[in-house]
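Residues per chain are reported as follows:
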2 protein chains.
Amino acid sequence: MVKNAMTADFLRSAYGGESMAHMRYLIWGEIARKEGFPKIGTLFEAIGYAEYVHANNHFNVLKEQKGDYTVPAGGVFGIGSTVENLQGGIDGELHEVEQMYPVYLQTAEFQGEKGAKRSFHYALEAEKIHAKMFKEAQDSAKSGKDYDFEAVYICPVCGYTVLDESPDVCPVCGAKKEIFKEFK
Amino acid sequence: MVKNAMTADFLRSAYGGESMAHMRYLIWGEIARKEGFPKIGTLFEAIGYAEYVHANNHFNVLKEQKGDYTVPAGGVFGIGSTVENLQGGIDGELHEVEQMYPVYLQTAEFQGEKGAKRSFHYALEAEKIHAKMFKEAQDSAKSGKDYDFEAVYICPVCGYTVLDESPDVCPVCGAKKEIFKEFK
Ligand SMILES: [Fe+2]
Ligand SMILES: [Fe+2]
Ligand SMILES: [Fe+2]
Ligand SMILES: [Fe+2]
Ligand SMILES: [Fe+2]
Ligand SMILES: [Fe+2]
């Protein structure tokens, strides 16, 4: 339940941004596979799932705010090489980490909106990791190598993202190891 | 390749709208399953995939228009009963069928944008079917019954949607029977 119009606007914008990010990561993941980077393909797919989790969380907080809205939301466009697409991923994630989610989170706190605060906090923590992983994947791709990992694990509650082994308890939301979703 | 700014704006808006529709149909599909309407859950999932196809098509036409944009896009919000969620589906699809895609298509034609014209045409044809199926599903759900079908088939090229058997050739884009994606 959201009481304040500004927080509701920000939740809708964040939902729009996460929905578009989910979509372009699936598209860029296919390109990575075609270019001979199957692991980077899996990374895009897994992180796309984390954005799905964020979009779901925002949508759920807005559960009672029924109706049609025109939503302004940030998106990165273009299809290029995997190195270029990863740059699109880095740019989008860094915008969320440095500008968008800190402001949205601060507003939710200021307006006393607990559900939105949790949803924005979950996303912000995951995006930090996404920016870092896309950068590492890009460094590999630049030297013609695929990104190196066994599997990507995503927390289905908050989108927390980790390579190779899921933690006993999610460090962001406390979810248990068993419910993490594996991508390999 | 898109040459005109207005067509490019409309493609980005349509991409934003399709990305959000894809996302909310997955969410509403889960609700339908929990409410004891597994077929309506499958219908939401399948139509969500058709919206994924539309978003992909629009994004691909915009391939060369690289960069960050703030995109205004229409979205339906709220989580209620399956009957209510289907009304959200009907409202969104009818807006696309009666207002959004006819105007976007007309503009693409006026500006001589062939790629956009095809992408908008594909979406418009599928949305007509989506509106009709959601209405039928809602009529069933209102009398406490699940929607009745064996499987949903989606054309992965244009999003054409049909129940029970895929056609030999997609009536909208000409794709072959074998590539249709089945949901059951
Ligand atoms: Fe996210
Ligand atoms: Fe992210
Ligand atoms: Fe978590
Ligand atoms: Fe669509
Ligand atoms: Fe549709
Ligand atoms: Fe088709």
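Now for a look at the structure at hand. (Residues numbered from 1 in each chain as written. Chains lettered and ligands numbered in written order. Predicted model: local features only at pLDDT ≥ 70, side-chain atom pairs only at ≥ 80, totals over all residues. Heavy atoms only, no water.)

## Observations regarding the layout of surface pockets
What counts is decided by this rule: Only protein atoms enter the calculation, which uses a 1 Å grid: trapped sets of points that fit a 1.4 Å probe without letting it out are cavities, open sets showing protein on both sides within 12 Å along at least five of seven lines are pockets, and any residue with an atom within 4 Å of a point is a lining residue. Grid points are joined across faces, edges and corners, and a volume is the space filled by probe spheres set on the points. Under the DSSP-based scheme used, a helix requires at least four consecutive residues in state H or I and a strand at least two consecutive residues in state E, with every element numbered from the N terminus. Lys, Arg, Asp and Glu make up the charged group, whereas Ala, Val, Leu, Ile, Met, Phe, Trp, Tyr, Cys and Pro make up the nonpolar group; the residues left over, Gly among them, are polar.
Reported here for the largest pocket is a volume of approximately 430 Å³. As for the largest pocket, its lining consists of 16 residues, and the residues nearest its centre are His-22, Leu-26 and Tyr-52 of chain A together with His-22 and Leu-26 of chain B. Counting only elements with at least two residues in the lining of the largest pocket, the list comes to helix H1 (5-34), helix H2 (38-61) and strand S4 (181-183) of chain A together with helix H1 (5-34), helix H2 (38-61) and strand S4 (181-183) of chain B. Broken down by class, the residue content of the lining of the largest pocket amounts to 8 nonpolar, 4 polar and 4 charged. In terms of lining residues, the second largest pocket is bounded by 20 residues, among which Ala-73, Gly-74, Gly-75, His-95 and Met-100 of chain A are the most central. Elements supplying a minimum of two residues to the lining of the second largest pocket: H1, strand S1 (67-77) and helix H3 (82-110) of chain A together with strand S1 (67-77) of chain B. Here the residues of the lining of the second largest pocket are counted per class, giving 8 nonpolar, 7 polar and 5 charged.

## Focus: the coordination of the iron ion (ligand 1)
Geometry sets the ideal angles at a metal, namely 109.5 degrees for four tetrahedral donors and 90 or 180 degrees for six octahedral donors. Residues and elements named next belong to chain A. To keep things clear, this is the line we draw: Distances define the donors: N, O and S atoms within 2.8 Å of the metal qualify, as do those within 3.2 Å of Na, K or Ca. Water is excluded, so some sites may look unfinished. Categorising residues by exposure relies on relative accessible area from a 1.4 Å probe, with only protein chains included: less than 20% of the type maximum marks a residue as buried, more than 50% marks it as exposed, and the intermediate range marks it as partly exposed.
The iron ion (ligand 1) binds to the protein through Glu-18 (OE), Glu-18 (OE), Glu-51 (OE), His-54 (ND1) and Glu-127 (OE), with metal-donor distances spanning 2.0 to 2.3 Å. Motif for the iron ion (ligand 1), donor spacing along one chain: E-x32-E-x2-H-x72-E. A separation of 3.9 Å is found between the iron ion (ligand 1) and the iron ion (ligand 2), which share Glu-51 as a coordinating residue. In this pair, Glu-51 is assigned in helix H2 and Glu-127 in helix H4 (residues 114-142), connecting sequence segments 76 residues apart. Considered together, Glu-51 and Glu-127 belong to a single accessibility category, that of buried residues.

## A short note on the coordination of the iron ion (ligand 6)
All names here are of chain B. Definition in use: Site shape is set this way: if four donors have all angles between 85 and 135 degrees, tetrahedral; if opposite donors are over 155 degrees apart and all others between 65 and 115, square planar for four donors and octahedral for six; otherwise irregular.
Only Cys-155 (SG), Cys-158 (SG), Cys-170 (SG) and Cys-173 (SG) from the protein reach the iron ion (ligand 6) as donors, at distances of 2.3 Å. For the iron ion (ligand 6), the 4 donor atoms in the first shell make angles of 100 to 119° at the metal, so the coordination geometry reads as tetrahedral. In the primary structure, the donors to the iron ion (ligand 6) are separated according to the pattern C-x2-C-x11-C-x2-C. Taken together, the residues Cys-155 in the loop between strand S2 (152-154) and strand S3 (161-163) and Cys-173 in the loop between S3 and S4 connect sequence positions 18 residues apart. The exposure class assigned to Cys-155 is buried, which follows from its relative accessible area of 0%. Its relative accessible area of 23% is what places Cys-173 among the partly exposed residues.

## Focus on the interface of chain B and chain A
In plain terms, the rule: It only takes one pair of heavy atoms within 4.5 Å for two residues to be counted as in contact. What counts as buried area is the accessible surface, traced by a 1.4 Å probe, that two parts surrender upon association, with contributions from both included. What makes a salt bridge here is a side-chain nitrogen of Lys or Arg within 4 Å of a carboxyl oxygen of Asp or Glu, nothing more. Think of a polar contact as two N or O atoms within 3.5 Å of one another; within protein, one of them needs to be a possible hydrogen donor and the other a possible acceptor, and neighboring residues in sequence only count if both atoms come from side chains. Criterion used throughout: strands pair if DSSP finds at least two bridges between them.
Contact with chain B, which involves 35 residues of that partner, is made by 35 residues of chain A. Counting each side, the surface lost to burial between chain B and chain A is near 3,100 Å², with a carbon and sulfur contribution of 67%. Per-residue buried area on chain B facing chain A is highest for Met-23, Phe-59 and Phe-77 of chain B; these three make up 25% of the total on that side. For the pair chain B and chain A, the number of links is 2 salt bridges. Connecting chain B to chain A are 15 residue pairs in polar contact (both at pLDDT 80 or more). Among the residues forming the side of chain B that touches chain A, the class breakdown is 17 nonpolar, 12 polar and 6 charged. Relative to S1 of chain B, S1 of chain A is paired through 11 bridges, and the arrangement is antiparallel. Within S1 of chain B, the residue paired with Thr-70 of chain A across the bridge is Gly-74 of chain B.

## Observations concerning the pattern of salt bridges
Residue and element names in this part refer to chain A. If you walk through the whole model with that rule in mind, you get 20 salt bridges over all chains. Residue Lys-117 is joined to Glu-109 by a salt bridge in which the shortest nitrogen-to-oxygen separation is 3.8 Å. Within this structure, Glu-30, Arg-33 and Glu-45 form a network of salt bridges that share partners.

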